[in-house]
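# Examining the three-dimensional arrangement
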Amino acid sequence: MENIFIILLGLSMLYIASTSRLKAHINMLSAQGWLLFFICITGLAHENRLNIQLFENLKENSAHLLGIIFIIIETLGIKSFVIPLFLNKVLNKTQAHRDSDANIPHFYALVISSVILFSGFMVANVQIPAFKLISPLYFGVSISIIITSLWLITIKHTVLSNVISFITMENGIFLLSLAIAKEMPVIVNLGVLLDIFIAVFILGMLVREINTEFNDLGVSQLSDLKDYE
Amino acid sequence: MISLILLFPLVACLILFLIKNRALNNIMIILYAIIHLICSVCLCFDYNPSDINQNFFATDNLNKIFLIVLSIVFFAVSFYNAAYIKYDKSLTRKLRHYSYAVLLFVLSMTGAILSTNLGINWVFIEATTLASAYLIYFHKTKHSIEAAWKYVFICSIGIALAFVGIILLGAAEGDLNSLFYNDLYSNAKSFEPFWLKLSFIFILFGIGTKMGLAPVHFWLPDAHAQSPSPISALLSATLLNSAFLMIVNVFKIMKLAGCDFYAKLILFVMGFISLFIAAVFVYHIKNYKRMLAYSSVENMGILAIGLALGGVGMAASLIHLIGHSFIKAAFFMTSGNILKIYKTKKIKSVTGILSCDNKTGWLWILSFLGIAAFPPSVLFISEFLIVKTMFKQEHYIMGALFLLLLTIVLYGLGKAVINMSANNGAQEKVKLSQLMYIPQIVLLAVSFILGIYFPFYGYIMSTAQGF
């Protein structure tokens, strides 16, 4: 079941690559939060790590339950609600609705991101002994999301698009952390969550400052600092 | 001791929040610097009574060096900062926010240095970005916003990629479910080489971004040039070291796992690219703070090359780290004096520092001589040892290239420094507070004395044995 959600997550990147409306990008971020939540829950249920017995023996399973609560807060709370809400506020303040001057036309962006996603699926089918430690589909799709996001950062022209691509990259990394067939220590996950939250918050504030100071969100505005001048 | 060093800045921030007194800001920063130095000295002598944080934060032979360097530089910068603030009107306006950010910045660097867990180390490295972003953006000009944006964005991407590396290290670990360095070292031999190598690439490029290693150094010249001078000194002399320590720790895992040939190759490449980039840019640069930033890129390259050489090379790298931190902090603080006198960062607009302010002029020249590794600068020992190790390991071409690139950087730096200092300037004589000279004099004196008599040679050699 979780494979369907993983594929949908991969496909959501195609939509982000092929549209210029920032509002649609933010909605897609929210959708990615929900998809990550479903991937976690179905994955846990699939491995029989999420069942009613967990609640019968609270003391023994406290660490595991804490992990589940953390996942719900991170995916549903932060990724699908708080960050999109904050970005929507920034969007309304800055009145930047489209990123229309991307370096590559939408059609080609769609083709290139499809090729990256396809390569991700190919990686998922590689049969080498080292791959026994990870779930191939998680790994392939997450790598394709990270690469697509990094590529989108280079071709998009507004700073808000860059922040959105940064968050999609973080979503790809979250999926990668699920690919490893064991839990990361909770304290690390908490640190990651805090960092993403604060990084996005600081980036969002800087977007507003850039808009106030430059009256524009174009990345080209931010190229005044040069070595030879 | 570790609890005190980590909790004091939080308490200080709370006090500053509750008691809105302007004088208190400087007092808190200086008090933290004093406490930091005392605690670091105690920790270096293994005096750490009944501490609760032994699990996640501890000292070892390696991080003691980084900790004491951070303490000494912060101690010097805190006094310089107290005098610098009086001359910077924008600083006096938002002094409380500035003080919060400085305290949290030093806290996050200390946490990164003391952490015994790769995950916690990563979290603190990320925290340094968040704490220092405000300091770079502090002047709120178009240029400082641009520099802060590049800094936060590039470093956040780098650090996110480093986290990918940590996840892949998790895959390499197999059944081991721990990110504590000691566990990683003791089990390194059983790690899956494929994932370990992949993980090293991600961590090196990710944390290398923070360390300012080329080709992922792009934030560094902008951030160093735009932030207030005491912050530039902290960024260059302490922040880059904290990132380097994390790379050293991960390199040790590679070494113990038997994958060090591969790691050394990448470190050599990045080190030489850093030297090359610095050599190309430093020659044509028009802004003296950017020039110092490129010098930091060069010196980070030297650290990476020393680490890649291993053994004596690693010891040289540690000596270089100490010398570079002291001298570069003095260099950046002196650049703050020049900025105060001339109100410009353009090299061409600054002439005759010696005639305008003799002490600043001499500090500027001595800092240059120190960073250029003229004897008795301690950097002479480190660079000599690196070249000697290269020739001993029969890397003749590499050694020659290293010397050539260093000479080009030296020429570029020297040309600018001499032009700025020697020519007769039209500027009137200026008098700055004594606190804007004494910290640099102390730091330069220490680095020149260490060049003549280096009492920690045995300690550093034994620390570098494992590399």
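Throughout what follows, the structure given in this document is the object of discussion.

About the cut-offs
Residues numbered from 1 in each chain as written. Chains lettered and ligands numbered in written order. Predicted model: local features only at pLDDT ≥ 70, side-chain atom pairs only at ≥ 80, totals over all residues. Heavy atoms only, no water. Axes fitted to C-alpha atoms, helices over the stretch in contact; angles between N-to-C directions. Helix = DSSP H or I, 4+ residues; strand = E, 2+ residues; numbered from the N terminus. Parallel < 35°, antiparallel > 145°, perpendicular 65-115°, else oblique. Left-handed = near helix turned anticlockwise from the far one by under 90°. Contact = heavy atoms within 4.5 Å. Nonpolar A, V, L, I, M, F, W, Y, C, P; charged D, E, K, R; others polar. Phe/Tyr/Trp six-rings, centres within 6.5 Å; stacked < 30°, edge-to-face > 60°. Buried < 20%, exposed > 50% of the residue type's maximum accessible area, 1.4 Å probe, protein only. Lys NZ or Arg CZ within 6 Å of the ring centre and 35° of its normal. Expected span 1.5 Å × (residues − 1). Salt bridge = Lys/Arg side-chain N within 4 Å of Asp/Glu carboxyl O. Polar contact = N/O pair within 3.5 Å; in protein donor to acceptor, adjacent residues only side chain to side chain.

## A word on the packing of helix α5 (residues 95-114) of chain B against helix α6 (residues 118-136) of chain B
Residues and elements named next belong to chain B. The contact between α5 and α6 brings their axes to 8 Å, and the two run at 160 degrees. Relative to α6, the element α5 lies roughly antiparallel. Here α5 runs over α6; the crossing is left-handed. On α6, the residues that touch His 97, Tyr 98, Ala 101, Val 102, Leu 104, Phe 105, Leu 107, Ser 108, Met 109, Gly 111 and Ala 112 of α5 are Asn 121, Phe 124, Ile 125, Ala 127, Thr 128, Ala 131, Ser 132, Tyr 134 and Leu 135. For the contact of α5 with α6, the class distribution of residues is 14 nonpolar, six polar and no charged.

## Concerning the packing of aromatic side chains
Enumeration over the complete set of coordinates arrives at 30 aromatic pairs over all chains. Pairing Tyr 134 of chain B with Tyr 137 of chain B gives two aromatic rings, centres 6.5 Å apart and planes at 70 degrees, and the pair type is edge-to-face. When its relative accessible area of 9% is taken as the criterion, Tyr 137 of chain B is described as buried. Clustering of aromatic rings is evident, with ring pairs tying together Phe 5, Trp 34, Phe 37 and Phe 38 of chain A. It is Lys 20 of chain B that lies over the ring of Phe 17 of chain B; its NZ or CZ is 5.2 Å from the centre. Over the aromatic face of Tyr 84 of chain B sits the side chain of Lys 340 of chain B, whose NZ or CZ is 4.5 Å from the ring centroid.

## Structural notes on helix α11 (residues 229-257) of chain B
All names here are of chain B. Relative to the 42 Å expected for 29 residues at 1.5 Å per residue, α11 spans 42 Å between its end C-alpha atoms, a close match to the ideal helical length. With 25 of its 29 residues buried, α11 lies for the most part within the structure. Two residues or fewer past α11, Gly 258 is found with a positive phi of approximately 80 degrees.

## So, the interface of chain A and chain B
Each side of the interface is counted separately: chain A has 48 residues, and chain B has 47 residues. At the junction of chain A with chain B, the criterion picks out zero salt bridges. One can count zero residue pairs in polar contact (both at pLDDT 80 or more) joining chain A with chain B. When contributions to the side of chain A that touches chain B are tallied by element, the ones reaching two or more residues are α6 (136-155), α7 (159-179) and α8 (186-214) of chain A. No other element matches the 15 residues that α8 of chain A contributes to the side of chain A that touches chain B. Across the side of chain A that touches chain B, the residue classes break down as 32 nonpolar, five polar and eleven charged.

## Thoughts on the packing of helix α7 (residues 142-173) of chain B against helix α9 (residues 193-211) of chain B
For any two helices packed against each other, the geometry is given by the interaxial angle and the distance between the axes. Residue and element names in this part refer to chain B. Where α7 meets α9, the closest approach of the two axes is 7 Å, and the angle between their N-to-C directions is 160 degrees. Classed by the angle they form, the pair α7 and α9 counts as roughly antiparallel. Both α7 and α9 take part in a crossing whose hand is left-handed. Per-class residue counts for the contact of α7 with α9 are 18 nonpolar, five polar and one charged.

## A short note on the environment of Phe 281 of chain B
Along the chain, the position of Phe 281 of chain B falls in helix α12 (residues 260-284). With 203 residues separating them along the chain, Phe 281 of chain B and Ser 78 of chain B place their C-alpha atoms 31 Å apart.

Read these as layout, nothing more, since geometry by itself doesn't imply function.
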